[in-house]
Amino acid sequence: MTENNETAEQQSEVAHTHDHAHDHDHDHEHQHAPSLNPDLVREIEVEAPAEEVSKTFKTIIKRYQKLARIPGFRAGKVPESLIRSKFAKEVRQEVLESLVSERFRKAIDEQKLRPISEPQLLDLQLFDGQPLKFKAAFEVAPEFDIAGYDSVKVTRPEAELTNDEFDGELNRVLDSHATVEPVDEERPLVDGDWAEIEFRGEVQDLAQTVTEEGVANASKTDPITGEDVLVEVGGKNTLPAFNEALRGSKPGQELKFEVIYPADFGEQRLAGQTVSYDVTVKSIKKKTYPERDAEFAKQLGNYESWDDFETKLREHASNRKKEALESQAKDKMLEELIAKYQFAVPESFVQQQIDARLDRGLRALAQQGMKPEDMRKLDFGRLRAAQRDQAVNEVKASMILDRISEAEGIVVSDEDLDRELLMLSIQSREPLETLRERLTKDGGLDRIREQMRREKTGSVLYEKLSA
(Lines give C-alpha, C1' and ligand atoms only; values in the text may rest on other atoms or scores of the structure.)
Protein backbone atom coordinates (compact mmCIF):
# COMPACT_ATOMS: atom_id res chain seq x y z
CA MET A 1 0.00 0.00 0.00
CA THR A 2 1.23 3.47 -0.81
CA GLU A 3 0.35 6.93 0.42
CA ASN A 4 0.23 10.17 -1.52
CA ASN A 5 2.04 13.24 -0.21
CA GLU A 6 -0.94 14.47 1.77
CA THR A 7 -2.02 11.17 3.26
CA ALA A 8 0.22 11.11 6.35
CA GLU A 9 -0.97 14.50 7.63
CA GLN A 10 -4.57 13.86 6.67
CA GLN A 11 -4.51 10.43 8.29
CA SER A 12 -3.36 11.94 11.57
CA GLU A 13 -6.18 14.46 11.33
CA VAL A 14 -8.79 11.74 11.01
CA ALA A 15 -7.21 9.19 13.35
CA HIS A 16 -9.68 9.84 16.12
CA THR A 17 -12.80 9.80 13.92
CA HIS A 18 -13.12 6.01 14.16
CA ASP A 19 -13.51 4.23 17.51
CA HIS A 20 -11.58 1.05 18.30
CA ALA A 21 -13.67 -2.02 17.68
CA HIS A 22 -11.41 -3.86 20.12
CA ASP A 23 -9.44 -2.18 22.91
CA HIS A 24 -6.57 -3.56 24.92
CA ASP A 25 -5.31 -2.19 28.21
CA HIS A 26 -2.85 0.26 26.70
CA ASP A 27 -3.08 3.49 24.78
CA HIS A 28 0.14 4.54 23.10
CA GLU A 29 0.90 7.02 20.35
CA HIS A 30 3.15 6.12 17.44
CA GLN A 31 4.75 8.49 14.97
CA HIS A 32 3.89 6.15 12.11
CA ALA A 33 0.84 4.06 11.42
CA PRO A 34 1.39 0.55 12.84
CA SER A 35 2.02 -2.29 10.42
CA LEU A 36 -0.82 -4.71 9.78
CA ASN A 37 -0.84 -8.47 9.28
CA PRO A 38 -1.25 -8.98 5.49
CA ASP A 39 -3.29 -12.14 6.10
CA LEU A 40 -5.92 -10.12 7.96
CA VAL A 41 -5.89 -6.86 6.00
CA ARG A 42 -9.00 -5.74 4.18
CA GLU A 43 -9.16 -2.64 1.99
CA ILE A 44 -12.19 -0.65 0.87
CA GLU A 45 -12.60 2.30 -1.48
CA VAL A 46 -14.94 5.11 -0.47
CA GLU A 47 -16.32 8.07 -2.42
CA ALA A 48 -18.64 10.99 -1.74
CA PRO A 49 -20.01 13.28 -4.51
CA ALA A 50 -18.59 16.77 -5.00
CA GLU A 51 -21.95 18.35 -4.13
CA GLU A 52 -21.95 16.71 -0.68
CA VAL A 53 -18.34 17.79 -0.06
CA SER A 54 -19.14 21.40 -1.01
CA LYS A 55 -22.30 21.39 1.11
CA THR A 56 -20.38 20.13 4.15
CA PHE A 57 -17.63 22.75 3.69
CA LYS A 58 -20.27 25.49 3.35
CA THR A 59 -22.19 24.37 6.47
CA ILE A 60 -19.08 24.29 8.64
CA ILE A 61 -17.74 27.59 7.30
CA LYS A 62 -21.08 29.28 8.01
CA ARG A 63 -20.95 28.08 11.59
CA TYR A 64 -17.43 29.47 11.95
CA GLN A 65 -18.62 32.80 10.51
CA LYS A 66 -21.32 32.91 13.15
CA LEU A 67 -19.09 31.97 16.09
CA ALA A 68 -15.70 33.50 15.16
CA ARG A 69 -14.57 36.60 17.05
CA ILE A 70 -11.96 38.44 14.98
CA PRO A 71 -10.88 42.04 15.72
CA GLY A 72 -12.21 44.50 13.11
CA PHE A 73 -15.29 42.47 12.22
CA ARG A 74 -18.69 42.38 13.80
CA ALA A 75 -19.96 39.04 15.13
CA GLY A 76 -21.37 36.99 12.28
CA LYS A 77 -19.88 39.28 9.61
CA VAL A 78 -16.43 37.68 9.14
CA PRO A 79 -15.79 37.15 5.39
CA GLU A 80 -15.83 33.58 4.14
CA SER A 81 -12.37 34.02 2.58
CA LEU A 82 -10.90 34.96 5.98
CA ILE A 83 -12.50 31.95 7.65
CA ARG A 84 -11.06 29.68 4.93
CA SER A 85 -7.55 31.02 5.43
CA LYS A 86 -7.52 31.49 9.21
CA PHE A 87 -9.32 28.28 10.18
CA ALA A 88 -8.35 26.05 7.24
CA LYS A 89 -7.03 23.20 9.37
CA GLU A 90 -9.96 23.25 11.79
CA VAL A 91 -12.55 23.39 9.00
CA ARG A 92 -10.86 20.54 7.16
CA GLN A 93 -10.77 18.43 10.30
CA GLU A 94 -14.51 18.86 10.86
CA VAL A 95 -15.25 18.00 7.23
CA LEU A 96 -13.16 14.85 7.66
CA GLU A 97 -14.99 13.93 10.86
CA SER A 98 -18.34 14.52 9.19
CA LEU A 99 -17.74 12.78 5.86
CA VAL A 100 -14.97 10.21 6.28
CA SER A 101 -16.23 8.54 9.45
CA GLU A 102 -19.81 8.39 8.20
CA ARG A 103 -18.85 7.05 4.76
CA PHE A 104 -16.40 4.56 6.24
CA ARG A 105 -18.97 3.11 8.62
CA LYS A 106 -21.53 2.89 5.84
CA ALA A 107 -19.06 1.06 3.57
CA ILE A 108 -18.04 -1.53 6.15
CA ASP A 109 -21.69 -2.14 7.05
CA GLU A 110 -22.56 -2.72 3.40
CA GLN A 111 -19.69 -5.17 3.00
CA LYS A 112 -20.35 -6.79 6.40
CA LEU A 113 -16.81 -6.15 7.63
CA ARG A 114 -15.78 -5.73 11.27
CA PRO A 115 -12.51 -3.81 11.63
CA ILE A 116 -10.51 -4.60 14.76
CA SER A 117 -7.81 -2.00 14.10
CA GLU A 118 -7.76 1.73 13.48
CA PRO A 119 -8.30 2.31 9.72
CA GLN A 120 -5.31 3.58 7.78
CA LEU A 121 -6.35 6.07 5.11
CA LEU A 122 -4.67 5.73 1.72
CA ASP A 123 -4.80 8.07 -1.28
CA LEU A 124 -7.05 10.54 0.53
CA GLN A 125 -8.39 13.27 -1.77
CA LEU A 126 -10.44 15.98 -0.06
CA PHE A 127 -10.86 19.39 -1.71
CA ASP A 128 -13.83 21.73 -1.71
CA GLY A 129 -15.79 21.33 -4.94
CA GLN A 130 -14.30 17.92 -5.76
CA PRO A 131 -15.46 14.38 -4.91
CA LEU A 132 -14.11 12.87 -1.70
CA LYS A 133 -12.06 9.75 -2.43
CA PHE A 134 -10.04 7.53 -0.16
CA LYS A 135 -9.06 3.97 0.54
CA ALA A 136 -9.03 2.51 4.03
CA ALA A 137 -6.98 -0.48 5.15
CA PHE A 138 -7.63 -2.30 8.41
CA GLU A 139 -7.38 -5.69 10.08
CA VAL A 140 -10.26 -8.07 10.68
CA ALA A 141 -10.45 -10.85 13.25
CA PRO A 142 -8.98 -14.19 12.18
CA GLU A 143 -11.26 -17.15 11.60
CA PHE A 144 -10.26 -20.28 13.51
CA ASP A 145 -11.95 -23.33 14.96
CA ILE A 146 -11.43 -24.25 18.63
CA ALA A 147 -12.72 -27.81 18.27
CA GLY A 148 -10.94 -30.12 20.69
CA TYR A 149 -10.05 -27.48 23.29
CA ASP A 150 -11.51 -29.71 26.02
CA SER A 151 -9.15 -32.57 25.11
CA VAL A 152 -6.02 -30.77 26.34
CA LYS A 153 -4.37 -32.68 29.18
CA VAL A 154 -3.81 -30.78 32.43
CA THR A 155 -2.18 -32.31 35.52
CA ARG A 156 -3.35 -30.88 38.84
CA PRO A 157 -0.21 -30.24 40.93
CA GLU A 158 0.32 -31.60 44.42
CA ALA A 159 -0.24 -28.48 46.51
CA GLU A 160 -0.08 -29.80 50.08
CA LEU A 161 2.30 -27.80 52.25
CA THR A 162 5.20 -29.90 53.55
CA ASN A 163 6.51 -29.65 57.11
CA ASP A 164 9.80 -28.26 55.82
CA GLU A 165 7.97 -25.55 53.90
CA PHE A 166 5.94 -24.62 56.97
CA ASP A 167 9.09 -24.56 59.11
CA GLY A 168 10.66 -22.22 56.56
CA GLU A 169 7.65 -19.87 56.77
CA LEU A 170 7.72 -19.96 60.57
CA ASN A 171 11.48 -19.38 60.73
CA ARG A 172 11.14 -16.31 58.49
CA VAL A 173 8.62 -14.85 60.92
CA LEU A 174 10.77 -15.64 63.94
CA ASP A 175 13.94 -14.39 62.26
CA SER A 176 12.33 -11.04 61.42
CA HIS A 177 11.62 -10.50 65.14
CA ALA A 178 14.90 -11.87 66.49
CA THR A 179 17.48 -9.71 68.24
CA VAL A 180 21.20 -10.01 67.48
CA GLU A 181 23.64 -9.63 70.36
CA PRO A 182 27.45 -9.94 70.46
CA VAL A 183 29.13 -12.84 72.29
CA ASP A 184 31.68 -11.35 74.72
CA GLU A 185 33.55 -14.50 75.75
CA GLU A 186 36.69 -15.41 73.84
CA ARG A 187 35.99 -18.69 72.07
CA PRO A 188 35.83 -20.22 68.59
CA LEU A 189 32.71 -20.32 66.45
CA VAL A 190 30.45 -23.32 66.94
CA ASP A 191 27.28 -24.50 65.22
CA GLY A 192 24.39 -22.20 66.04
CA ASP A 193 26.59 -19.08 66.20
CA TRP A 194 26.28 -16.26 63.74
CA ALA A 195 29.62 -15.12 62.33
CA GLU A 196 29.86 -11.46 61.36
CA ILE A 197 32.26 -11.45 58.41
CA GLU A 198 33.83 -9.27 55.75
CA PHE A 199 34.65 -10.98 52.48
CA ARG A 200 35.98 -10.61 48.98
CA GLY A 201 35.46 -13.28 46.34
CA GLU A 202 37.12 -13.68 42.97
CA VAL A 203 35.28 -15.72 40.34
CA GLN A 204 37.64 -18.19 38.70
CA ASP A 205 36.98 -17.96 34.97
CA LEU A 206 37.23 -21.12 32.92
CA ALA A 207 39.56 -19.46 30.39
CA GLN A 208 43.01 -18.71 31.86
CA THR A 209 46.39 -17.64 30.51
CA VAL A 210 49.91 -18.08 31.87
CA THR A 211 51.95 -14.88 32.40
CA GLU A 212 55.30 -14.10 34.02
CA GLU A 213 53.41 -13.52 37.28
CA GLY A 214 51.61 -16.84 37.13
CA VAL A 215 48.10 -17.89 36.08
CA ALA A 216 45.74 -15.05 35.21
CA ASN A 217 42.10 -15.00 34.21
CA ALA A 218 41.51 -14.31 30.54
CA SER A 219 38.43 -12.22 31.29
CA LYS A 220 37.85 -9.90 34.21
CA THR A 221 34.83 -10.41 36.47
CA ASP A 222 33.98 -7.91 39.18
CA PRO A 223 34.81 -9.27 42.66
CA ILE A 224 32.07 -10.21 45.11
CA THR A 225 32.35 -8.19 48.31
CA GLY A 226 30.46 -7.82 51.56
CA GLU A 227 30.84 -6.14 54.96
CA ASP A 228 29.15 -6.93 58.28
CA VAL A 229 27.44 -9.97 56.77
CA LEU A 230 25.92 -12.48 59.21
CA VAL A 231 26.36 -16.19 58.40
CA GLU A 232 24.84 -18.96 60.53
CA VAL A 233 27.47 -21.57 61.26
CA GLY A 234 26.01 -25.01 60.64
CA GLY A 235 22.82 -23.48 59.27
CA LYS A 236 21.00 -25.59 56.66
CA ASN A 237 20.93 -22.60 54.30
CA THR A 238 24.67 -21.97 54.69
CA LEU A 239 26.92 -23.44 52.00
CA PRO A 240 29.00 -26.40 53.33
CA ALA A 241 32.29 -24.69 52.39
CA PHE A 242 31.42 -21.69 54.61
CA ASN A 243 30.38 -23.97 57.48
CA GLU A 244 33.66 -25.90 57.31
CA ALA A 245 35.81 -22.76 57.07
CA LEU A 246 34.04 -20.80 59.82
CA ARG A 247 33.54 -23.63 62.32
CA GLY A 248 36.32 -23.37 64.94
CA SER A 249 37.63 -19.98 63.76
CA LYS A 250 37.93 -16.91 66.02
CA PRO A 251 37.30 -13.15 65.63
CA GLY A 252 40.20 -11.46 63.85
CA GLN A 253 41.12 -14.61 61.96
CA GLU A 254 41.59 -14.40 58.18
CA LEU A 255 40.46 -17.34 56.07
CA LYS A 256 41.06 -18.40 52.46
CA PHE A 257 38.93 -21.06 50.76
CA GLU A 258 37.13 -21.92 47.53
CA VAL A 259 33.43 -22.46 46.98
CA ILE A 260 32.12 -24.49 44.04
CA TYR A 261 28.55 -23.35 43.47
CA PRO A 262 26.00 -25.86 42.15
CA ALA A 263 24.64 -25.36 38.65
CA ASP A 264 21.14 -24.68 40.01
CA PHE A 265 22.28 -22.07 42.55
CA GLY A 266 19.72 -19.31 43.02
CA GLU A 267 22.00 -16.42 42.08
CA GLN A 268 22.54 -16.76 38.34
CA ARG A 269 26.01 -15.21 38.10
CA LEU A 270 27.37 -17.68 40.68
CA ALA A 271 25.63 -20.82 39.40
CA GLY A 272 28.23 -23.37 38.32
CA GLN A 273 31.12 -21.04 39.21
CA THR A 274 34.15 -21.54 41.43
CA VAL A 275 34.89 -18.56 43.71
CA SER A 276 38.04 -17.96 45.77
CA TYR A 277 37.18 -16.16 49.01
CA ASP A 278 39.22 -14.05 51.42
CA VAL A 279 37.17 -13.84 54.62
CA THR A 280 37.83 -11.95 57.85
CA VAL A 281 35.90 -13.02 60.95
CA LYS A 282 34.91 -9.81 62.76
CA SER A 283 32.83 -11.09 65.67
CA ILE A 284 30.60 -13.83 67.06
CA LYS A 285 26.94 -13.06 67.53
CA LYS A 286 23.92 -14.84 68.90
CA LYS A 287 20.35 -14.45 67.74
CA THR A 288 17.69 -14.45 70.42
CA TYR A 289 14.23 -15.40 69.27
CA PRO A 290 10.96 -14.36 70.93
CA GLU A 291 9.02 -16.84 73.02
CA ARG A 292 6.36 -18.69 71.09
CA ASP A 293 3.48 -17.70 73.32
CA ALA A 294 0.15 -15.88 73.25
CA GLU A 295 1.77 -12.52 73.95
CA PHE A 296 4.02 -12.76 70.89
CA ALA A 297 1.11 -14.07 68.80
CA LYS A 298 -0.90 -10.93 69.66
CA GLN A 299 2.04 -8.78 68.56
CA LEU A 300 1.88 -10.50 65.17
CA GLY A 301 -1.83 -9.83 64.66
CA ASN A 302 -5.32 -10.65 65.83
CA TYR A 303 -4.52 -14.13 67.13
CA GLU A 304 -5.92 -15.68 70.31
CA SER A 305 -2.94 -17.96 70.98
CA TRP A 306 0.30 -19.22 69.50
CA ASP A 307 -1.51 -22.29 68.18
CA ASP A 308 -4.04 -20.01 66.50
CA PHE A 309 -1.19 -18.08 64.83
CA GLU A 310 0.47 -21.29 63.59
CA THR A 311 -2.85 -22.57 62.22
CA LYS A 312 -3.50 -19.32 60.32
CA LEU A 313 0.10 -19.18 59.09
CA ARG A 314 -0.18 -22.74 57.75
CA GLU A 315 -3.49 -21.90 56.01
CA HIS A 316 -2.01 -18.75 54.48
CA ALA A 317 1.15 -20.53 53.29
CA SER A 318 -0.90 -23.45 51.93
CA ASN A 319 -3.19 -21.14 49.96
CA ARG A 320 -0.23 -19.20 48.58
CA LYS A 321 1.49 -22.40 47.45
CA LYS A 322 -1.74 -23.71 45.92
CA GLU A 323 -2.33 -20.45 44.02
CA ALA A 324 1.27 -20.36 42.74
CA LEU A 325 1.22 -23.98 41.53
CA GLU A 326 -2.22 -23.62 39.95
CA SER A 327 -1.09 -20.44 38.21
CA GLN A 328 1.85 -22.37 36.73
CA ALA A 329 -0.48 -25.20 35.66
CA LYS A 330 -2.86 -22.72 34.00
CA ASP A 331 0.07 -21.14 32.17
CA LYS A 332 1.07 -24.61 30.93
CA MET A 333 -2.53 -25.23 29.82
CA LEU A 334 -2.53 -21.97 27.85
CA GLU A 335 0.81 -22.86 26.27
CA GLU A 336 -0.71 -26.11 25.00
CA LEU A 337 -3.76 -24.31 23.64
CA ILE A 338 -1.55 -21.76 21.89
CA ALA A 339 0.47 -24.57 20.29
CA LYS A 340 -2.71 -26.46 19.32
CA TYR A 341 -4.30 -23.68 17.25
CA GLN A 342 -2.45 -21.94 14.42
CA PHE A 343 -3.98 -18.74 13.07
CA ALA A 344 -2.97 -15.28 11.91
CA VAL A 345 -2.57 -12.85 14.81
CA PRO A 346 -3.63 -9.19 14.35
CA GLU A 347 -0.47 -7.09 14.28
CA SER A 348 -2.32 -4.11 15.77
CA PHE A 349 -3.11 -6.20 18.87
CA VAL A 350 0.49 -7.39 19.09
CA GLN A 351 1.83 -3.83 18.99
CA GLN A 352 -0.65 -2.74 21.68
CA GLN A 353 0.45 -5.64 23.87
CA ILE A 354 4.12 -4.77 23.35
CA ASP A 355 3.29 -1.19 24.38
CA ALA A 356 1.57 -2.46 27.53
CA ARG A 357 4.49 -4.72 28.46
CA LEU A 358 7.02 -1.93 27.90
CA ASP A 359 4.98 0.52 29.96
CA ARG A 360 4.87 -1.92 32.87
CA GLY A 361 8.62 -2.45 32.57
CA LEU A 362 9.36 1.27 32.48
CA ARG A 363 7.13 1.92 35.49
CA ALA A 364 9.04 -0.78 37.36
CA LEU A 365 12.37 0.84 36.41
CA ALA A 366 11.06 4.22 37.58
CA GLN A 367 10.04 2.72 40.92
CA GLN A 368 13.55 1.28 41.23
CA GLY A 369 14.96 4.79 40.80
CA MET A 370 15.93 5.00 37.11
CA LYS A 371 15.93 8.60 35.95
CA PRO A 372 13.88 9.71 32.90
CA GLU A 373 17.01 10.84 31.05
CA ASP A 374 18.50 7.37 31.47
CA MET A 375 15.27 5.78 30.22
CA ARG A 376 15.45 7.87 27.06
CA LYS A 377 18.85 6.31 26.30
CA LEU A 378 17.39 2.79 26.19
CA ASP A 379 17.35 0.97 22.85
CA PHE A 380 13.58 0.80 22.40
CA GLY A 381 13.84 -0.99 19.06
CA ARG A 382 15.71 -3.83 20.73
CA LEU A 383 13.37 -3.78 23.74
CA ARG A 384 10.28 -4.00 21.50
CA ALA A 385 11.80 -6.88 19.52
CA ALA A 386 12.56 -8.74 22.75
CA GLN A 387 8.91 -8.46 23.85
CA ARG A 388 7.40 -9.62 20.57
CA ASP A 389 7.22 -13.42 21.02
CA GLN A 390 5.61 -13.14 24.43
CA ALA A 391 3.19 -10.47 23.18
CA VAL A 392 2.11 -12.69 20.27
CA ASN A 393 1.42 -15.56 22.66
CA GLU A 394 -0.55 -13.31 25.01
CA VAL A 395 -2.74 -12.06 22.15
CA LYS A 396 -3.30 -15.62 20.91
CA ALA A 397 -4.23 -16.77 24.41
CA SER A 398 -6.72 -13.92 24.80
CA MET A 399 -8.40 -14.68 21.47
CA ILE A 400 -8.59 -18.41 22.24
CA LEU A 401 -10.08 -17.74 25.69
CA ASP A 402 -12.64 -15.38 24.12
CA ARG A 403 -13.80 -18.18 21.81
CA ILE A 404 -13.90 -20.73 24.63
CA SER A 405 -15.88 -18.36 26.86
CA GLU A 406 -18.50 -18.14 24.11
CA ALA A 407 -18.59 -21.92 23.75
CA GLU A 408 -18.89 -22.42 27.51
CA GLY A 409 -21.37 -19.57 27.99
CA ILE A 410 -19.17 -17.85 30.57
CA VAL A 411 -20.19 -14.35 31.64
CA VAL A 412 -19.09 -11.83 34.26
CA SER A 413 -21.99 -10.68 36.39
CA ASP A 414 -22.55 -7.05 37.37
CA GLU A 415 -21.98 -8.09 40.99
CA ASP A 416 -18.53 -9.51 40.12
CA LEU A 417 -17.66 -6.33 38.22
CA ASP A 418 -18.81 -4.17 41.14
CA ARG A 419 -16.56 -6.10 43.54
CA GLU A 420 -13.60 -5.63 41.20
CA LEU A 421 -14.28 -1.88 40.93
CA LEU A 422 -14.52 -1.63 44.72
CA MET A 423 -11.08 -3.24 45.06
CA LEU A 424 -9.63 -0.90 42.42
CA SER A 425 -11.19 2.07 44.20
CA ILE A 426 -9.59 1.04 47.51
CA GLN A 427 -6.19 0.41 45.91
CA SER A 428 -6.16 3.68 43.94
CA ARG A 429 -7.90 5.71 46.65
CA GLU A 430 -10.23 7.07 43.99
CA PRO A 431 -13.93 7.43 44.90
CA LEU A 432 -15.90 4.50 43.52
CA GLU A 433 -18.39 6.51 41.48
CA THR A 434 -15.63 8.77 40.09
CA LEU A 435 -13.68 5.66 39.06
CA ARG A 436 -16.75 4.08 37.47
CA GLU A 437 -17.59 7.25 35.51
CA ARG A 438 -14.02 7.64 34.24
CA LEU A 439 -13.73 3.99 33.16
CA THR A 440 -17.12 4.11 31.46
CA LYS A 441 -16.11 7.15 29.40
CA ASP A 442 -12.73 5.82 28.23
CA GLY A 443 -13.88 2.24 27.60
CA GLY A 444 -11.92 0.91 30.56
CA LEU A 445 -15.00 -0.71 32.10
CA ASP A 446 -15.47 -2.96 29.07
CA ARG A 447 -11.78 -3.87 29.09
CA ILE A 448 -11.94 -4.82 32.77
CA ARG A 449 -15.02 -6.99 32.20
CA GLU A 450 -13.30 -8.57 29.18
CA GLN A 451 -10.17 -9.41 31.18
CA MET A 452 -12.24 -10.76 34.08
CA ARG A 453 -14.12 -13.00 31.63
CA ARG A 454 -10.85 -14.40 30.29
CA GLU A 455 -9.52 -15.09 33.78
CA LYS A 456 -12.81 -16.77 34.73
CA THR A 457 -12.68 -18.84 31.53
CA GLY A 458 -9.14 -19.96 32.31
CA SER A 459 -10.19 -21.03 35.82
CA VAL A 460 -13.31 -22.85 34.62
CA LEU A 461 -11.33 -24.63 31.90
CA TYR A 462 -8.58 -25.60 34.36
CA GLU A 463 -11.08 -27.13 36.77
CA LYS A 464 -12.74 -28.99 33.88
CA LEU A 465 -9.54 -30.35 32.33
CA SER A 466 -7.76 -31.22 35.59
CA ALA A 467 -10.71 -32.99 37.21
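Along each chain, numbering runs from 1 in the same order as the chain's sequence is written. In keeping with the model being predicted, local features are shown solely for residues with a pLDDT of at least 70 and side-chain atom pairs are shown and tallied solely at 80 or more, while totals for entire chains, interfaces and linings include all residues. Each side-chain value is derived from all of the structure's non-hydrogen atoms; neither hydrogens nor water enter the calculation.

(A) Molecular detail of the side chain of Asn37. Residue position: Asn37 is located in the loop between α1 (7-14) and β1 (41-48). Residues count as neighbours in contact if any of their non-hydrogen atoms are within 4.5 Å of one another. Setting aside residues no more than four positions away along its own chain, Asn37 makes contact with Glu139, Ala344, Val345 and Glu347. Secondary structure follows DSSP: runs of H or I at least 4 residues long count as helices, runs of E at least 2 residues long count as strands, and numbering of each begins at the N terminus.

(B) Spatial organisation of the sheet that holds strand β2 (residues 120-125). Strand pairing is assigned whenever DSSP detects at least two bridges linking the two strands. Here 3 strands make up an open sheet; going across it, the order is β1-β3-β2 and the pairing antiparallel. Each edge of the open sheet is held by one strand with a lone partner, namely β1 and β2. Taken over all neighbouring pairs, the strand axes of this sheet differ in orientation by 15° on average, direction set aside. Taken together, the 8 bridges between β1 and strand β3 (residues 132-139) define a ladder with antiparallel strand orientation. Residue pairing in the sheet places Ala48 in a bridge with Leu132 of β3. Orientation is described by lines fitted to C-alpha atoms, with helices fitted over the stretch in contact, and by angles between N-to-C directions that extend from 0 to 180 degrees.

(C) Quick look at the environment of Val140. The topology assignment puts Val140 in the loop between β3 and α5 (163-176). Owing to a relative accessible area of 9%, Val140 belongs among the buried residues under this scheme. In this structure, Val140 is in contact with Leu40, Arg42, Arg114 and Ile116, ignoring residues within four places of it in sequence. The cut-offs for exposure are 20% and 50% of the maximum accessible area for each residue type, with area from a 1.4 Å probe on protein chains only; residues under the lower value are buried, those over the upper are exposed, and the others partly exposed.

(D) Seen up close, the packing of aromatic side chains. What counts as a ring pair is set by centres within 6.5 Å for rings of Phe, Tyr and Trp (its six-membered ring), and what kind of pair is set by the plane angle: stacked under 30 degrees, edge-to-face over 60, tilted for all other angles. Inspection of the entire model under this criterion finds 11 aromatic pairs. Both rings, one in Phe242 and one in Phe257, keep their centres 5.1 Å apart while their planes meet at 85°; by these two values the pair is edge-to-face. Highlighted residues: Phe242 in helix α6 (residues 240-246) and Phe257 in strand β9 (residues 254-260), separated in sequence by 15 residues. The interplanar angle of 20° and the centroid separation of 5.7 Å between the aromatic rings of Phe296 and Trp306 together place this pair among those described as stacked. Of this pair, Phe296 sits in helix α7 (residues 294-300) while Trp306 sits in helix α8 (residues 306-340), and the two are 10 residues apart along the sequence. Pair check on accessibility: Phe296 and Trp306 agree, each one buried. An aromatic cluster of at least three residues, connected via ring pairs, comprises Phe199, Phe242, Phe257 and Tyr277. Lying over the aromatic face of Phe166, Arg314 brings its terminal NZ or CZ to 4.0 Å of the ring centre. Whether a charge lies above a ring is judged from NZ of Lys or CZ of Arg, which has to be within 6 Å of the ring centre and within 35 degrees of the ring normal. Over the face of the ring belonging to Phe144 we find Arg403, whose NZ or CZ atom lies 4.1 Å from the ring centre.

(E) Main features of the packing of helix α12 (residues 414-428) against helix α14 (residues 444-465). Orientation of α12 relative to α14, taken along the N-to-C sense of each, is 110°, at an axis distance of 11 Å. Comparing the axis directions of α12 and α14 gives the class roughly perpendicular. The element α12 and its partner α14 pack so that their crossing is right-handed. For the pair α12 and α14, contact is made by Asp414, Asp416, Leu417, Glu420, Leu421 and Leu424 and by Leu445, Ile448, Arg449, Met452 and Lys456, respectively. For this scheme, ten residues count as nonpolar: Ala, Val, Leu, Ile, Met, Phe, Trp, Tyr, Cys and Pro. Four count as charged, namely Asp, Glu, Lys and Arg, and the remainder, Gly too, count as polar. Partitioned by chemical class, the residues of the contact of α12 with α14 number 6 nonpolar, no polar and 5 charged. Orientation labels follow simple angle bins: below 35 degrees gives roughly parallel, above 145 gives roughly antiparallel, 65 to 115 gives roughly perpendicular, and whatever is left gives oblique. In this scheme, a crossing is called left-handed if the near helix is turned counterclockwise away from the far one by less than a right angle; it is called right-handed if the turn is clockwise.

(F) Seen up close, the pattern of salt bridges. Salt bridges, as used here, are contacts in which a Lys or Arg side-chain nitrogen is within 4 Å of a carboxyl oxygen on Asp or Glu. For the structure on display, the rule yields 35 salt bridges. The salt bridge partner of Lys135 is Asp123, with a shortest N-O separation of 3.9 Å. Here Lys135, found in strand β3, pairs with Asp123, found in strand β2; they are 12 residues apart in sequence, far enough to count as distant. Take Lys135: its relative accessible area is 26%, and that puts it in the partly exposed class. The class of Asp123 is partly exposed, set by a relative accessible area of 25%. A salt bridge links Arg436 to Glu433; the nearest nitrogen and oxygen atoms lie 3.7 Å apart. Of this pair, Arg436 and Glu433 both sit in helix α13 (residues 432-442), 3 residues apart, which is roughly one turn of that helix. When salt bridges that share partners are traced, they join Arg156, Lys322, Glu326 and Glu463 into one network.

(G) View of the nonpolar core. For the purposes of this section, nonpolar cores are sets of buried Ala, Val, Leu, Ile, Met, Phe, Trp, Tyr and Cys residues that join through side-chain atoms within 4.5 Å. Ile44, Val91, Leu132 and Phe134 are the most contacted members of the largest nonpolar core, which has 30 residues in total. Of all elements in the fold, only β1, α2 (50-67), α4 (88-110), β2 and β3 reach the threshold of two or more residues within this core. With 8 residues, the single largest contributor to this core is α4. Ignoring sequence-local partners within four residues, the contact set of Phe134 consists of Ile44, Glu45, Val46, Val100, Phe104, Leu121, Leu122, Asp123 and Leu124. By size, the runner-up hydrophobic cluster in this structure holds 25 residues, among which are Met333, Phe343, Val350 and Tyr462.

(H) Quick peek at a nonpolar patch on the surface. Patch definition: residues above 30% relative accessible area lacking any salt bridge, with like charges linked at up to 9 Å and the nonpolar side chains Val, Leu, Ile, Met, Phe, Trp and Tyr linked at up to 5 Å. With residues, only the protein chains shown are counted as cover, and all accessible areas are computed by Shrake-Rupley using a 1.4 Å probe. A contiguous nonpolar surface patch, about 300 Å² in accessible area, is contributed by Leu422, Met423 and Ile426. When its relative accessible area of 45% is taken as the criterion, Met423 is described as partly exposed.

(I) Representation of the pairing of β9 within the structure. Burial along β9 is one-sided: the residues Leu255, Phe257 and Val259 are buried and none of Glu254, Lys256, Glu258 and Ile260 is. Relative to strand β10 (residues 274-288), β9 runs antiparallel, the two sharing 7 bridges. In the sheet register, Phe257 faces β10, and the bridge partner there is Tyr277.

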